[in-house]
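An overview of the molecular structure
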Amino acid sequence: MAHAEAHAVTEGQPHKVEGQQHPIGIYLKIWGLLFILSAFSYAVDYFHVQGYARWGLILLFMILKAGLIVAVFMHMMWERLAIIYAILVPPVLVLIFVAMMVFEGDYTEATRGVFFATGEQASPAQPSPAH
Amino acid sequence: MAQSNVTHSAQSPALPEGLPGFVSDWSSDQRAFKGVPWGKAMMWIFLLSDTFIFTCFLLSYMTVRISTVVPWPNPSEVFALTIGGQSIPLILIAIMTFILISSSGTMAMAVKYGYERNRKMSAILMLVTAVFGASFVGMQAFEWTKLIMEGVRPWENPFGAAQFGSSFFMITGFHGFHVSVGVIFLIITARKVWRGDYDTEKRGYFTSRKGNYESVEIMGLYWHFVDLVWVFIFAVFYLW
């Protein structure tokens, strides 16, 4: 903090703090929004929405909630781009890893389908001979 | 947002905004993260590394779920509770979600009151956050007990693919551990706020650094992160 104190100019405060202060209303609004979004994502399950609509809605509500928490509760929207990029770009790059593992998982499932196919179909007739 | 008062913008030479600001910050002398206290930057970097840990858990869960040829257990039914003779799907998880979100709300306000030197409100809100967190862990313990009684193990379960158990215990266990650690540190920080350690700049017993209310915001960052991870777990593990 020693070098940071030279920068900080705080009005009439005895301690030099670089913290962020925002009106309480914004926290309450975001809190309410997060409640509504959580209720929506629970409703997706409760009303048995299926297929692409289910996945799309789940991901949409997830991204919205995550964005609100990071932006407002964690004060990211008031930070400078230097730290925003340093923290938020690496997790986005993880999406490449996700894509790789989707291909890998599909491939593994396909090979299992090929190699276990005989055992799978035979299992109702004869009680599983192999592992 | 317009009336928000960001104190670090009151630095004497105006820093460039936008992309030029990004370039000049990163190429500048001594500090890249202007206006971000040292401890806060370190907490952000720790949270980034923690993000990768949870990413690895969720990715391995995704991979085993894609690659298994045995049907995956339906979380909606596995986590249903019977209340008043009626089976409600996923109800406990929904309650846990709302509790964790509420704890994030109280934490955000604790940070605000901390910077306003309102020690009483800040400490009370932090303790409320800790109580929410502890009840979350309690419900998770209940959920674990229920599943273990039903025969769910890391290597097998009566509902379907065996990988369900290992993914479940690993992911929720690691998250629950984070919540538990957070509750402990919330209590420690609340005590320090209550005593006025950050007003007297009392030195911490680990770091010997002068205490100040940034510690409350750093505590808040960690706590919001725990909530953030739950958002992803709730979506991809419980709802998918």
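Quick note: structure is the one above.
Here is a short report on the structure shown in this document. (Residues numbered from 1 in each chain as written. Chains lettered and ligands numbered in written order. Predicted model: local features only at pLDDT ≥ 70, side-chain atom pairs only at ≥ 80, totals over all residues. Heavy atoms only, no water.)

**Considering helix α2 (residues 24-46) of chain A**
Over its 23 residues, α2 of chain A extends 33 Å from the first C-alpha to the last, a length consistent with the 33 Å expected when each residue adds 1.5 Å. For α2 of chain A, every residue scored as buried is listed here: Ile-26, Tyr-27, Ile-30, Trp-31, Leu-34, Leu-37, Ser-38, Ser-41, Tyr-42, Val-44 and Asp-45 of chain A. As for α2 of chain A, its buried residues are in contact with α3 (51-73) of chain A together with α3 (75-78), β3 (86-88), α4 (91-115) and α7 (214-239) of chain B. His-48 of chain A occupies a position one or two residues after α2 of chain A and carries a positive phi of about 55°. (Helix = DSSP H or I, 4+ residues; strand = E, 2+ residues; numbered from the N terminus. Expected span 1.5 Å × (residues − 1). Buried < 20%, exposed > 50% of the residue type's maximum accessible area, 1.4 Å probe, protein only. Contact = heavy atoms within 4.5 Å.)

**Some points on the packing of helix α2 (residues 38-67) of chain B against α7 of chain B**
Residues and elements named next belong to chain B. In contact at an axis separation of 10 Å, α2 and α7 are set at 15° when each is read in the N-to-C sense. Taken together, α2 and α7 sit at an angle that is classed as roughly parallel. For the pair α2 and α7, the sense of crossing is right-handed. Residue-level contacts link Gly-39, Lys-40, Met-43, Trp-44, Phe-46, Leu-47, Asp-50, Thr-51, Phe-54, Leu-58, Tyr-61 and Arg-65 of α2 to Glu-217, Ile-218, Leu-221, Tyr-222, Phe-225, Val-229, Phe-232, Ile-233, Val-236 and Phe-237 of α7. When grouped by side-chain class, the residues that make up the contact of α2 with α7 number 16 nonpolar, 2 polar and 4 charged. (Axes fitted to C-alpha atoms, helices over the stretch in contact; angles between N-to-C directions. Parallel < 35°, antiparallel > 145°, perpendicular 65-115°, else oblique. Left-handed = near helix turned anticlockwise from the far one by under 90°. Nonpolar A, V, L, I, M, F, W, Y, C, P; charged D, E, K, R; others polar.)

**Overview of the interface of chain B and chain A**
Taken together, the 81 residues of chain B in the interface contact 64 residues of chain A. A buried area of about 7000 Å², summed over both sides, lies between chain B and chain A, and 69% of it is on carbon and sulfur atoms. Taken together, the connections running from chain B to chain A amount to 3 salt bridges. Here Asp-25 of chain B makes a salt bridge to Arg-80 of chain A, at a shortest N to O gap of 2.7 Å. For the interface between chain B and chain A, the tally reads 13 residue pairs in polar contact (both at pLDDT 80 or more). Among the secondary structure elements, those contributing two or more residues to the side of chain B that touches chain A are β1 (5-6), α1 (18-26), α2, α4 and α7 of chain B. (Buried area = accessible area lost by both parts, 1.4 Å probe. Salt bridge = Lys/Arg side-chain N within 4 Å of Asp/Glu carboxyl O. Polar contact = N/O pair within 3.5 Å; in protein donor to acceptor, adjacent residues only side chain to side chain.)

**Observations concerning the pattern of salt bridges**
Applying the stated criterion across every chain, the model contains 10 salt bridges over all chains. Note that Arg-54 of chain A is salt-bridged to Asp-45 of chain A, the shortest N-O span being 2.7 Å. Assessed through its relative accessible area of 1%, Asp-45 of chain A is described here as buried. We note a salt bridge from Lys-40 of chain B to Glu-79 of chain A, for which the minimum N-O separation is 2.8 Å. Taken together, the residues span two chains, with Lys-40 of chain B in helix α2 and Glu-79 of chain A in the loop between α3 and α4 (81-122). Judged by relative accessible area, Glu-79 of chain A falls into the buried class, the value being 8%.

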